[in-house]
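What the coordinates show
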Amino acid sequence: QQQVKQSPQSLIVQKGGISIINCAYENTAFDYFPWYQQFPGKGPALLIAIRPDVSEKKEGRFTISFNKSAKQFSLHIMDSQPGDSATYFCAASERGSQGNLIFGKGTKLSVKP
Amino acid sequence: KAGVTQTPRYLIKTRGQQVTLSCSPISGHRSVSWYQQTPGQGLQFLFEYFSETQRNKGNFPGRFSGRQFSNSRSEMNVSTLELGDSALYLCASSFSRSTDTQYFGPGTRLTVL
């Protein structure tokens, strides 16, 4: 059972454009929603994270939008750059179990110059 | 501060053998989690250790086991290796179980022939 569904699987964006990746979850006990960025040959690195009591969180060019009633959250990358080309994973965990992250399948982003 | 280190980085084994992977968390971090990453299944949670005790376990067979030492270093063991165990094994550490941010190591690439 896939508890976190991520789309699209791959995304091609022009430099300067907006990249949008969406995730949906089923478990209402989830209360922590991070996004990770992974480059080839590297481990995932935390990009930005949100809790359900906030509808939006912005850090630099990265923004998470969270819709608790729809059980959906999304990552927006503004002014996308070729250096942003990587695989992005959304994840979720329950309170007190942050060590047990449930990941989406990932989105491979390619930013064309 | 040094990041999460994992050894070895690459490993080739044959079916039926057993393997031990090692993870050294960030200094001061007491929680260690292990994940398996494959192209088909994505990132899947294996287990979480805190204070030398397994706190959570993912849906993997008993061939997968782990332990944590008093210095928070962790090892995972896979016995009777199968071809399907070929994967990138990632270790992540955090300060405590209730701390949000997990920091991932670069992983150990296991190939089973």
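Before any of the text, the structure's been laid out above.
Given the structure is predicted, the values throughout are model-derived calculations rather than measurements. (Residues numbered from 1 in each chain as written. Chains lettered and ligands numbered in written order. Predicted model: local features only at pLDDT ≥ 70, side-chain atom pairs only at ≥ 80, totals over all residues. Heavy atoms only, no water.)

1. With respect to unusual backbone geometry
Cis rather than trans, the peptide bond between Ser7 of chain A and Pro8 of chain A has omega equal to -5°. Here Pro8 of chain A lies in the loop between strand S1 (4-7) and strand S2 (10-14). For the peptide bond that leads from Thr7 of chain B to Pro8 of chain B, omega is -10°, which places it in the cis range. By the secondary structure assignment, Pro8 of chain B is in the loop between strand S1 (5-7) and strand S2 (10-13). Phi is positive for Ser72 of chain B, which is not a glycine, with a value near 75°. Mapped onto the secondary structure, Ser72 of chain B falls in the loop between strand S7 (64-68) and strand S8 (74-78). (Helix = DSSP H or I, 4+ residues; strand = E, 2+ residues; numbered from the N terminus.)

2. Notes on the sheet that holds strand S6 (residues 56-59) of chain A
All names here are of chain A. Reading across from one edge, S1-S3-S8-S7-S6 is the order of the five strands in this open sheet, with antiparallel pairing throughout. The open sheet is flanked by S1 and S6, the only strands paired with a single partner. If you compare each strand with its neighbour and ignore which way they point, the axes differ by 15° on average. Across four bridges, the pairing between S6 and strand S7 (residues 62-67) is antiparallel. Its bridge partner being in S7, Glu56 is matched across the sheet by Ser65. (Pairing = 2+ DSSP bridges. Axes fitted to C-alpha atoms, helices over the stretch in contact; angles between N-to-C directions.)

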